[in-house]
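Summary of structural features
As a plain string of letters, each chain reads:
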Amino acid sequence: MNALKSRVDTWLGRFTMYRLILWVLAVLVAFSMVLNVLGWLTFGLPQMLVHLALCLGLTYGANRLLAPLFRVKPHSESSLITGLLIYFLFWPTFAVLDMAGVALACVLATVSKYALAFRERHIFNPAACGAFITGLTGLNIATWWAATPAMLWVVVPGILLVLYRTRKLLMASVFLVVATSIVCVELLGHGSTFAESLWQPLAQRPLLFFVGFMLSEPLTLPPRRWQQLALAAVVAVVFAVPYNLGFVANSPELALLLGNAIAFLLGQRGGVLLAFKGSRALTPGNTELRFEPKRPVRFAPGQFMELNLPHTGSDGRGRRRVFSITSAPDSPELTFGVGTAEPVSTAKKALLALQPGDVVRGTAVGGDFLLPRDAGRPVLLIAAGIGITPFLSQLAAGAGRTRDTVLLYLAPSRAELAGLEELEASGARVIARLADGSAPPAFMHDAGKERIYAGSLKQLVPDISTREVYVSGSPASVDSLRAAARGAGARRVRVDSFAGY
């Protein structure tokens, strides 16, 4: 099972979430047209094709026109995703007024990315914003027709893929449990059977499509997991409880916009311009990049930042990449540890080509890989290779001096040990396991080259059961080291498993 999980993680890791969602939505579009040909949908294929062309053409075209006006580079994948979402929100038709409403929704969705933005980061989900405002005009109303039982055959695996990749399965579960429970109670009160009350919200209301493709968008979520879970519950209540305030009634798009507003207040508001200062080699295959933020960045040691790296010839992972922050929150510079061993992606080539003074944009800060608030709780930090990066930030912030900290560092050789000066000055007890059998620096305890498993880990850290364990590294390394920690008696293991967008 772990081997299968590792292969899935490796395959998914080749794509950013923008690229993955774009492909999943494209498959859904193709499936919807197959269903229509088979008679399971009743729109008419010409209407669906024109509707698709209208949604994609207007969102893409408007984005290309507006981006230069706001002096930013257009993000084509984002505009296409918005167009595909609107395709599923509005009914395909040749009715002139309805088509005008769809066109308005597309333009408004694109405009919202720039006009309803703070420091060039959009606040609201664009598709939901365009649909909601269009509904107020009376030209058209979002029907969310993707919530059709026949579509479940592809919708369900599609959203599972997206939610697994973004690590939002728990958040989605909270939303679905709360929203489905409310709708079930309502339907039971109207005489429906329990089976009907459970089937109707999941198959005929847009709960699944909503949570999989819209609520889970990381850029409009708060940074911490507990905040995301609370937000999911709040949005579920607004989504499911019927109300009518005269000029506005409950709708999925209104529920999402409310959630977006709450998330905006909780997180790093707006993008941050980062001026490149320089770089240094951490190891032969890893590089530390230094930036000066144009304004203070709110983050906690162990969190990550997403960087927008416009570059030509971008690969399948797109422009946005996630990197662990290695500096302390009070540092005047923001530093990132980046794996730069060959083959180097096009985005990393763009990073390595930066010259002092060049500017990139940080678009989001997040992550829950944080040490306990109680400094009296001892920790064991296990780093595999580049997985050392979040721990460098935590140790730079004083974790090794303010709490009982043990760091187990796994690397191929002594040359691949990063941040040696920082580790020696950290105050933590450092254990090194070097695969080639070479000797680590004198301040590190040598664990030899034996593979780390439950027994050997227990020998290295006899009191592991009293420590909270943190594991960071590649997906395959994290899986095996987490299993070893559990087998050695660790009661609580946290892993660095952010996915990027």
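Rules of the game
Counting restarts for each chain: residues are numbered from 1 in the order of the written sequence. Where local features are concerned, this predicted model is filtered to residues with pLDDT of at least 70; where side-chain atom pairs are given and counted, the filter is 80 or more; whole-chain, interface and lining totals use all residues. Note that the side-chain values use all heavy atoms of the structure and ignore hydrogens as well as water. UniProt positions are given in the numbering used here, feature names are shortened, and annotations may be inferred rather than shown by experiment. Elements are defined by DSSP. Helices are runs of H or I of four residues or more, strands are runs of E of two residues or more, and each kind is numbered from the N terminus. A helix is expected to span 1.5 Å multiplied by its residue count minus one. For each residue, the accessible area found with a 1.4 Å probe, counting protein chains only, is set against the maximum for its type, and the residue is called buried under 20%, exposed over 50%, and partly exposed in between. Note on aromatic contacts: the rings of Phe and Tyr and the six-membered ring of Trp form a pair at centre separations within 6.5 Å, being stacked when their planes are under 30 degrees apart, edge-to-face when over 60 apart, and tilted otherwise. When DSSP finds two or more bridges between a pair of strands, those strands are recorded as paired. Residue contacts are defined here by distance: any two heavy atoms, one from each residue, within 4.5 Å place the two residues in contact. Here, axes are lines fitted to C-alpha atoms. For helices the fit covers the stretch in contact, and angles between N-to-C directions go from 0 to 180 degrees.

UniProt records the feature "transmembrane region" (unreviewed entry) at residues 20–41, 48–66, 86–111, 147–164, 169–190, 229–248 and 254–276, using the numbering of this structure. End C-alpha to end C-alpha, residues 48–66 measures 27 Å, and it is 100% helix and 0% strand. For residues 86–111, helix accounts for 77% and strand for 0%, while the C-alpha atoms at its two ends are 14 Å apart.

So, on to helix H4 (residues 76–89). With 14 residues, H4 extends 20 Å from end C-alpha to end C-alpha; this agrees with the ideal 20 Å at 1.5 Å per step. A large share of H4 lies buried, amounting to 12 of its 14 residues. For H4, the set of buried residues is Glu 77, Ser 78, Ser 79, Ile 81, Thr 82, Gly 83, Leu 84, Leu 85, Ile 86, Tyr 87, Phe 88 and Leu 89.

In this section: the packing of aromatic side chains. Within the structure shown, the criterion is met by 16 aromatic pairs. With 4.7 Å between their ring centres and 90° between their planes, Phe 43 and Trp 91 make a pair best called edge-to-face. Taken together, the positions of Phe 43 in the loop between helix H2 (17–37) and helix H3 (45–69) and Trp 91 in the loop between H4 and helix H5 (96–115) put the pair 48 residues apart, joining distant regions of the chain. When its relative accessible area of 43% is taken as the criterion, Trp 91 is described as partly exposed. Aromatic pair Phe 175 and Phe 239: ring centres 5.5 Å apart, planes at 85°, arrangement edge-to-face. Within this pair, whereas Phe 175 is found in helix H8 (residues 169–189), its partner Phe 239 is found in helix H11 (residues 225–240), the two being separated by 64 residues in sequence. With respect to burial, Phe 175 and Phe 239 carry one shared label: buried. Put simply, the rings of Phe 43, Tyr 87, Phe 88, Trp 91, Trp 144, Trp 145, Phe 175, Phe 209, Phe 210, Phe 213 and Phe 239 pair up and form one aromatic cluster.

On to the sheet that holds strand S10 (residues 405–411). Taken in spatial order, the 6 strands make up an open sheet running S12-S11-S10-S9-S13-S14, and their pairing is parallel. Each end of this open sheet is capped by a strand with a single partner; those strands are strand S12 (445–446) and strand S14 (493–495). As defined by bridge partners, strand S11 (residues 429–434) adjoins S12 across 2 bridges and the pair is classed as parallel. Bridge pairing in S12 links Ile 431 to His 445. Along the sheet face, helix H14 (residues 389–396) touches strand S9 (379–384), S10 and strand S13 (468–472) and points at about 140° away from the line of S9. Seen against the sheet, helix H18 (residues 475–487) touches S9, S10, S13 and S14 and runs at an angle of roughly 175° to S14.

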